[in-house]
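So the chains spell out like this:
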Amino acid sequence: MNDGWESDNEEVTFEYPIPVQNETYNDKAKESNWREDGACYKGNSTGNYKNKTQHEKGLVVYIDSKKIGKFIGVGGSNIKDLQSRSNARIYVDKSSSRDNYTPITLTGSDAAQQKAKELIDEMYGNTNTKEQTIGTEYTKKEKTQNDNISFDWNKASKEYNEEQQNKQEDYPPIVKNFYVEDPAIANMSAEYVAHIRKANNNIEVQRVFDDEENSSKEFHIPNPVQTFEQAFHNYPEVLEEIRKQGFTKPSPIQCQAWPILLSGKDLIGIAQTGTGKTLAFLLPALIHIDGQGTPLSERGGPNVLVLAPTRELALQIEKEVGKYSYRGIKAVCVYGGGSRKDQVDLVSKGVQIVIATPGRLNDLVRAKLLDVTSVTYLVLDEADRMLDMGFEPQIRKSLLYVRPDRQTVMTSATWPEGVRRLARSYMQDPIQVFVGSLDLVAVHSVMQQVYIVEEEDKMNTLYNFFREMESEDKVIVFFAKKSKVDDFASELALSQVICQSIHGGRDQDDREQALEDLKSGLVRILLATDVASRGLDIEDVTHVFNYDFPRDIEEYVHRVGRTGRAGKTGKSITLMTRKDWSHAKELISILEEASQEVPEELYRMAERYEAWKEKRAQERETERSDARGYSNRRGGGGRQNQSRWGGNW
């Protein structure tokens, strides 16, 4: 069973009967089928399941209809495995599919239903594809009220905010402004402020939504700080914790973010991974928690909520929080794949910071096991990644319960429309801090090498790299599929080469152990899928080896960013084959921007692909003309079977 991090691109189909609507439910026949097959289908017969009765008793999750075949598995193997692991019964109701989603009903005891739901969330709630797979439970009654597919989020958010505004007097007041500006910072000239920002990786600061509603408001953007003392001179305990970590000066995002966040303003931080974004929002969060007027014992829940797209990033943030001891503040990480009971137990003991993945957060909030109405400081970390992974429904549902007058922080490596939409929905007149450029770029501390090879030569190239590794080298090798990771791990083990592996199909404990082994130096080779391309902060990784080119250029940039961290240099090696030619043009731009060597063959690959695209566009136009009058016919015919390389390689 995989947990939905990535697909192996295998289409699995299975013919099975579908529960019949409005027919008599036959308990005896159903139970007989279960004893014999242990599934919701049997041979080619159709079960007589009364839809209303069954659905009202169970939970309903929604899965992308395109993935139903993979969900069922060959011969129903995946469903049988889910049922065996959860003791729940699972019904696939394809006849009720709508808007490209298929309902899956989970029945049995409450514990069995919840276990099955958790397992499905592991598979589909944390998907890293752009197909938005939904893993949130509903009874039939709830579905009609809160349909996750057609739900009007803007209307719900507006209604909720209006309701919350009416209840505002019931909430304790929020203290947000903890900033006392250092006189040296306050007296900076505008010219010197501009100089500091330019010198710190070209920081750009602006008001995001400078529209008519906000234009009349008085607005001040704090000047950047240059030292830790200038930011936290009123908080000696924080300064002492920073000194313990051995930092010498703030990173660019920190020097501008700290004055803004300590002033109580909402912030959008746009910067590449590995630039100190976590500490930028963490230290003001600690001060924010300690500075509220209500005693910790009377707050009823956490003050700080951090949402992160992946378990690895969430656990890394928790580890970062653990480095700083401040006024007894406690944090807990909740994520799919970990023990739900253990996580709930930790939350119930009283914590001030909750770090969560969206699926598990939504699960706990809806089950009323986590009260987020006490949250006054909200962080959406790597918001672009969460949207790419299809988490927007879970994010929006969970945030309906967070008071609207909170302070909100959003970090992102890019600034797409989806992130703008979230910012406008959930932030109050935010200040945006750009570090570097909004253009997609790779870190300049990494030497990038690209080799055009044949598919059958890739393995030898990788093994040659292993043989040439120095004693202090550490490498992350990226593959496109989990199966490749497992195959190479087995091959290396047979060759007496010590390595570790990480992908979405491995248990969480194994994934954590793999990262720990690489950090400690117990192993120097980590085989991975794109699970490891974001959020992993291992400072001494010297190399990234792209055995398979990633699915898009953004992932290439994030893979490269796993090395060259914390002021060190690194090296990336990327193998490209002819089937990767659609990425050539964008890769050239990345290499040229970073002043890297671009192979001549890569230029030729890009030119050939552009010529092929133009030729195909002309052919399609001709085919559309020939097919006039047949509006549903797709062009291509025999031409679609010709060589995609144009025969000129």
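Source: prediction; values computed, not measured. (Residues numbered from 1 in each chain as written. Predicted model: local features only at pLDDT ≥ 70, side-chain atom pairs only at ≥ 80, totals over all residues. Heavy atoms only, no water.)

Visitor: Before we go on, may I ask you to explain the overall build of the chain in this structure?
Guide: Along the backbone of the chain there are 26 helices and 17 strands. Scored against the burial criterion, the 649 residues of the chain give a buried share of 55%. For the chain, restricting intrachain contacts to residue pairs at least 6 apart in sequence, the fraction spanning at least 24 positions comes to 77%. For the chain, the exposed area adds up to about 29,400 Å²; of that, 45% sits on carbon and sulfur atoms. (Helix = DSSP H or I, 4+ residues; strand = E, 2+ residues; numbered from the N terminus. Buried < 20%, exposed > 50% of the residue type's maximum accessible area, 1.4 Å probe, protein only. Contact = heavy atoms within 4.5 Å. Areas by Shrake-Rupley, 256 points an atom, 1.4 Å probe, with all protein chains shown as cover.)

Visitor: Could you clarify how one ought to interpret the pattern of salt bridges in this entry?
Guide: Taken as a whole and assessed by the stated rule, the structure comprises 29 salt bridges. A salt bridge links E237 to R327; its shortest N-O distance comes to 2.6 Å. Residue E237 is found in helix α12 (residues 236-244), and its partner R327 is found in the loop between α15 (311-322) and β7 (331-334); the two are separated by 90 residues along the sequence. Here R421 ties to E392 by a salt bridge, and the two come within 2.7 Å at their closest N and O atoms. With R421 in helix α20 (residues 417-426) and E392 in helix α19 (residues 392-399), this pair connects stretches of sequence that are 29 residues apart. (Salt bridge = Lys/Arg side-chain N within 4 Å of Asp/Glu carboxyl O.)

Visitor: Any chance you could explain the packing of aromatic side chains here in plain terms?
Guide: Think of a pair of aromatic rings as described by two things: how far the centres are apart, and how the planes are tilted against each other in angle. Scanning the entire structure with this criterion turns up 13 aromatic pairs. Relative to Y556, the ring of F549 has its centre 5.8 Å away and its plane inclined at 10°; by these criteria the two rings are stacked. Assigned by exposure class, F549 and Y556 land together as buried. Among the aromatic residues, ring-to-ring pairing joins Y463, F465, F466, F479, F488, F545 and Y547 into one connected group. (Phe/Tyr/Trp six-rings, centres within 6.5 Å; stacked < 30°, edge-to-face > 60°.)

Visitor: Looking at this structure, how should I read the environment of I431?
Guide: Here I431 lies in strand β11 (residues 431-434). Owing to a relative accessible area of 0%, I431 belongs among the buried residues under this scheme. Along the chain, I431 and I268 lie 163 residues apart, while their C-alpha atoms are 6.2 Å from each other. Dropping the residues within four chain positions of it, I431 is found in contact with V205, Q206, V208, F219, H220, I221, P222, I260, K265, D266, L267 and I268.

Visitor: Mind showing me how you'd approach the sheet that holds β7 here?
Guide: Paired through backbone hydrogen bonds, the strands of a sheet run either parallel or antiparallel to each other. Spatially, the eight strands line up as an open sheet ordered β4-β11-β5-β10-β9-β6-β8-β7, and their pairing is mixed. Of all strands in the sheet, those with a lone pairing partner are β4 (204-207) and β7, marking the two edges. Mean inter-strand twist for the sheet, computed between neighbouring axes without regard to direction, equals 15°. By the bridge criterion, four bridges tie strand β6 (residues 304-307) to strand β9 (residues 377-380) in an arrangement that is parallel. (Pairing = 2+ DSSP bridges. Axes fitted to C-alpha atoms, helices over the stretch in contact; angles between N-to-C directions.)

Visitor: Which parts of the structure should I look at to understand helix α17 (residues 358-366)?
Guide: For an α-helix the count is 3.6 residues per turn, leaving residues at separations of three or four pointing the same way. Burial of α17 is extensive: eight of the nine residues sit out of reach of the surface. For α17, every residue scored as buried is listed here: P358, G359, R360, L361, N362, D363, L364 and V365.

Visitor: Help me out: how do you make sense of the environment of R360 in this one?
Guide: In this fold, R360 is placed in helix α17. In this structure, the C-alpha to C-alpha distance between R360 and G336, residues 24 residues apart in sequence, is 5.3 Å. Other than its neighbours up to four places away in sequence, R360 contacts E118, V334, Y335, G336, G337, G338, S339, R340 and Q343.

Visitor: For this particular structure, what's the right way to read the confidence of the model for the chain?
Guide: Interpretation of the predicted coordinates at a detailed level should be avoided for regions scoring low in pLDDT. Averaged over every residue, the pLDDT of the chain is 79; the share at 70 or more is 76%. This model gives residues 1-56 a pLDDT under 50, and the stretch forms 140 contacts once residues within four places in sequence are excluded. For residues 636-649, every residue scores under 50 in pLDDT, and the model assigns this stretch 19 contacts once sequence neighbours within four places are set aside. (pLDDT = per-residue confidence, 0-100.)

Visitor: Is there a simple way to explain the sheet that holds strand β2 (residues 89-92) in this structure?
Guide: Ordered in space as β1-β3-β2, the three strands form an open sheet in which the pairing is antiparallel. Single-partner strands in this sheet number two, and they are β1 (59-64) and β2. Direction aside, neighbouring strands of the sheet carry axes that sit 30° apart on average. Relative to strand β3 (residues 101-107), β2 runs antiparallel, the two being bridged by four bridges. Paired with I90 across the bridge in β3 is L106.

Visitor: Is there a simple way to think about the nonpolar core in this case?
Guide: In this structure, F232 and L283 are the most contacted members of the largest nonpolar core, which totals 55 residues. If you tally residues by element for this core, the top one is helix α14 (residues 277-290), at nine residues. Beyond its immediate sequence surroundings of up to four residues, F232 is in contact with V238, L239, I242, W258, L262, L283 and I287. Counting 37 residues, the second-largest nonpolar core is a separate cluster that includes L305, V354, F391 and M410. (Core = buried A, V, L, I, M, F, W, Y, C linked by side-chain atoms within 4.5 Å.)

Visitor: Sorry if this is basic, but what is going on with the pairing of β11 here?
Guide: The side-chain alternation of β11 yields two buried faces, one formed by I431 and V433 and the other by Q432 and F434. In the sheet, β4 pairs with β11 via four bridges, with the strands oriented antiparallel. Bridging from a neighbouring strand, R207 pairs with I431 of β11. Of the pairings in the sheet, the one linking strand β5 (residues 267-270) to β11 comprises four bridges and is parallel in character. Across the sheet, G269 pairs through a bridge with V433, a residue of β11.

Visitor: Whenever I open this one, the packing of helix α16 (residues 340-348) against α17 confuses me. Can you help?
Guide: Two packed helices can be described by the angle between their axes and the distance between those axes. Axis separation between α16 and α17 bottoms out at 12 Å; the angle between their running directions is 65°. When the axis of α16 is compared with that of α17, the two are roughly perpendicular. Here α16 and α17 pass one another in a crossing that is right-handed. In this structure, α16 uses R340, Q343 and V344 to contact α17, whose residues at the interface are R360, D363 and L364. Residue composition of the contact of α16 with α17, grouped by class: two nonpolar, one polar and three charged. (Parallel < 35°, antiparallel > 145°, perpendicular 65-115°, else oblique. Left-handed = near helix turned anticlockwise from the far one by under 90°. Nonpolar A, V, L, I, M, F, W, Y, C, P; charged D, E, K, R; others polar.)

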